Amino acid sequence: MTQFTFDARGPVSRRYDAPTVIRTKRDGGRLSDAAIDWVIDGYTHGRVADEQMSALLMAIFLRGMDRAEIARWTSAMIASGVRLDFGDLRRDGKPLPTVDKHSTGGVGDKITIPLVPVIAACGAAVPQAAGRGLGHTGGTLDKLESIPGFTAELSNAQVRQQLSEIGAAIFAAGELAPADRKIYALRDVTATTESLPLIASSVMSKKLAEGADSLVLDVKVGRGAFLKTEAESRDLAATMVELGRAHGVPTRALLTDMNLPLGRTVGNALEVAESLEVLAGGGPADVVELTVRLAAEMLDLAGIDGCDPAQTLQDGTAMDRFRALVSAQGGDPQASLPIGAHSETVTAPAGGTMGDIDAMAVGLAVWRLGAGRASQGERVQFGAGIRIHRRPGEPVAAGEPLFTLYTDTPDRIPGAMAELDGGWSLSPVCPPARPLIIDRIV
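Residues numbered from 1 in each chain as written. Predicted model: local features only at pLDDT ≥ 70, side-chain atom pairs only at ≥ 80, totals over all residues. Heavy atoms only, no water.

If you look the protein chain up in an unreviewed UniProt entry, it shows as Thymidine phosphorylase from Mycolicibacterium anyangense. In its Subunit (unreviewed entry) section, the UniProt entry covering the protein chain states "Homodimer." Per UniProt, the protein chain has the following entry under Sequence similarities (unreviewed entry): "Belongs to the thymidine/pyrimidine-nucleoside phosphorylase family." (UniProt positions renumbered as here; feature names shortened; annotations may be inferred.)

Pasting the structure below:
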């Protein structure tokens, strides 16, 4: 059967079928540009079934892709939808710079929530097409939707209005890279998340389609990241920076540690509450540090001088922008946040110093509590999560709380406790400190 697909490069016609494309990659072959265009277009429009795309994703997971394949896969996903353009936006008669940030996914990574208002308070605009939870990592949209009334379903017109008036919009991708939206959901439930080609193309297809002038990437390294080794994370960062530049979007990346969870909370509403602490001038030191460092990179790319990101957290201007953003998107910034009706606390069996905490163990435990999904379309529990009472290096007395687990379904607690078991330790001495910022890729 002959299929046709159209993109910026023109029409392509060739005989393709899903089993042949799958078999090519399964056997270690290289997918041609035309084959990639066909399969992405076919899956977007329902001619390639979920089970066929699942098989192809697993083949890519196992066999990989070269840089040219990744570039074409990314371009095909961008071409599956619209590409926004905010080049005509003005403020005070001057062009309004737009810049965005994306994290490759971590445990307790709530940085977007305080970061976006900081950038808006400094005079740039952030059009952020955000995602939902993927595997053991939380999603920005799931977190923000724990705020009563908040919606991420914005029209393009509303995004433009918010950028002009507030300087920020955090929204579901909608018509942006619809192929990625479908593939992203499928990866979440088919154990194909930890793949460099699929991560790079997923991130960059959405980010390039959303129309920001420049982009900063937070590429995670360590146990709680999708790619565990620093070498893999460096390769991912370099690949995405190259993809951005190839599409005319100045892009840089920070490699950041994800062996430990970020902050003291993991879970949707719990992380929003902690983000509010940061916006109020407090909060965990690591969350503040990463927020301020990423903000500095974004403001530099946006060409904005003279604004101190840390000061916006202290003087309340970032909090004002956050409240305005939440209100604009239907949420109540004063509403109470949900918390799981059932809880269980892990206490210290002896005194000492809190040792290591395994970010992956915590992430999986939170997923077990109901904060993530096990099937497509499943609703997350906004109040599920874990509060970390003692961070590595902090003193601990026998019987003191170390972790509190929350969920609305108590039968989930044993499985979560099993995931957490062995994921932390007590030590007679302080564990060695790790730098949060590992490197900068430009």
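After that view of the structure, there is still more to cover.
Participant: Teacher, can you tell me more about the pairing of strand E7 (residues 168-171) here?
Facilitator: The two faces of the sheet receive side chains in turn, since in a regular strand these alternate between them. Because side chains alternate across E7, one face comprises the buried residues Ala168 and Ile170, and the other comprises Ala169 and Phe171, equally buried. Note that strand E6 (residues 126-129) and E7 share 4 bridges and pair parallel. Pairing of Ala129 across the sheet is with Phe171, part of E7. (Buried < 20%, exposed > 50% of the residue type's maximum accessible area, 1.4 Å probe, protein only. Helix = DSSP H or I, 4+ residues; strand = E, 2+ residues; numbered from the N terminus. Pairing = 2+ DSSP bridges.)

Participant: What is the right way to read the pairing of strand E12 (residues 352-357) from this model?
Facilitator: For E12 and strand E14 (residues 395-396), the ladder comprises 2 bridges, and the chain directions are antiparallel. In the sheet register, Gly352 faces E14, and the bridge partner there is Val396. Here E12 pairs with strand E16 (residues 424-427) via 3 bridges, running antiparallel. Bridging across to E16, Met354 finds its partner in Leu426.

Participant: Quick question: what am I supposed to make of the pattern of salt bridges here?
Facilitator: The tally for this structure, following the rule as stated, stands at 34 salt bridges. Residue Lys110 pairs with Glu274 through a salt bridge whose shortest N-O separation is 2.7 Å. Of this pair, Lys110 sits in the loop between strand E5 (99-103) and helix H5 (112-121) while Glu274 sits in helix H11 (residues 268-279); the two residues are 164 residues apart in sequence, bridging distant segments of the chain. Accessibility assignment for this pair places Lys110 and Glu274 in one class, buried. A salt bridge links Glu271 to Lys143, with the shortest nitrogen-to-oxygen separation between them at 2.9 Å. Separated by 128 residues along the polypeptide, Glu271 in helix H11 and Lys143 in helix H6 (residues 140-144) bring together distant segments of the chain. (Salt bridge = Lys/Arg side-chain N within 4 Å of Asp/Glu carboxyl O.)

Participant: Explain the sheet that holds strand E17 (residues 437-441) to me, please; I cannot follow it from the model alone.
Facilitator: Sheet strands associate in pairs through backbone hydrogen bonding, adopting either a parallel or an antiparallel arrangement. Taken together, 4 strands build an open sheet; the order of strands is E5-E8-E9-E17 and the sheet is mixed. Both edges of this open sheet fall to E5 and E17, since each of them pairs with a single strand only. Put simply, the sheet's adjacent strands are angled 20° from each other on average, direction ignored. Note that strand E9 (residues 251-257) and E17 share 4 bridges and pair antiparallel. Residue pairing for E17: Ala253 is matched across the bridge by Ile441. Of the strands in this sheet, E5, strand E8 (214-221), E9 and E17 are in contact with helix H12 (residues 285-302), which crosses E8 at around 150°. (Axes fitted to C-alpha atoms, helices over the stretch in contact; angles between N-to-C directions. Contact = heavy atoms within 4.5 Å.)

Participant: Just to check I follow, could you spell out the sheet that holds E12 for this structure?
Facilitator: With antiparallel pairing, 3 strands are arranged side by side in an open sheet as E14-E12-E16. Across the chains shown, the open sheet's two edge strands, defined by having one partner strand only, are E14 and E16.

Participant: Any chance you could explain unusual backbone geometry here in plain terms?
Facilitator: Among all residues save glycine, negative phi is the norm, and among peptide bonds the norm is trans. Although it is not a glycine, Ala177 adopts a positive phi angle of roughly 40°. By the element assignment, Ala177 lies in the loop between E7 and helix H8 (178-188). The backbone phi angle of Ala191 is positive, close to 55°, even though this residue is not glycine. Topologically, Ala191 is positioned in the loop between H8 and helix H9 (196-209).

Participant: Would you take a moment to explain the nonpolar core for this structure?
Facilitator: When a protein is soluble and globular, its nonpolar side chains tend to lie buried together. In this structure, Ile119, Val362, Ile386, Phe403 and Leu405 are the most contacted members of the largest nonpolar core, which totals 67 residues. Counting residues per element, this core draws most heavily on H12, which supplies 7 residues. Each of domain 2 (90-329) and domain 3 (342-427) gives at least three residues to this core. Each residue touching Leu405, except ones within four places of it in the same chain, is listed here: His342, Ser343, Glu344, Val346, Leu369, Gly385, Ile386, Ala416, Met417 and Leu420. (Core = buried A, V, L, I, M, F, W, Y, C linked by side-chain atoms within 4.5 Å. Domains from an automatic or database assignment.)

Participant: Looking at this model, I keep getting lost on the packing of helix H4 (residues 67-79) against H9. Mind explaining?
Facilitator: Axes are the key here: two packed helices are described by the angle between their axes and the distance separating the axes. For the pair H4 and H9, interaxial distance at closest approach is 9 Å and the crossing angle is 40°. The orientation of H4 relative to H9 falls into the category oblique. Pair H4 / H9 crosses with right-handed handedness. Along the contact surface, H4 presents Ile70, Trp73, Thr74, Met77 and Ile78, while H9 presents Leu196, Pro197, Leu198, Ala200, Ser201, Ser202, Met204, Ser205 and Leu208. Counted by class, the contact of H4 with H9 contains 10 nonpolar, 4 polar and no charged residues. (Parallel < 35°, antiparallel > 145°, perpendicular 65-115°, else oblique. Left-handed = near helix turned anticlockwise from the far one by under 90°. Nonpolar A, V, L, I, M, F, W, Y, C, P; charged D, E, K, R; others polar.)

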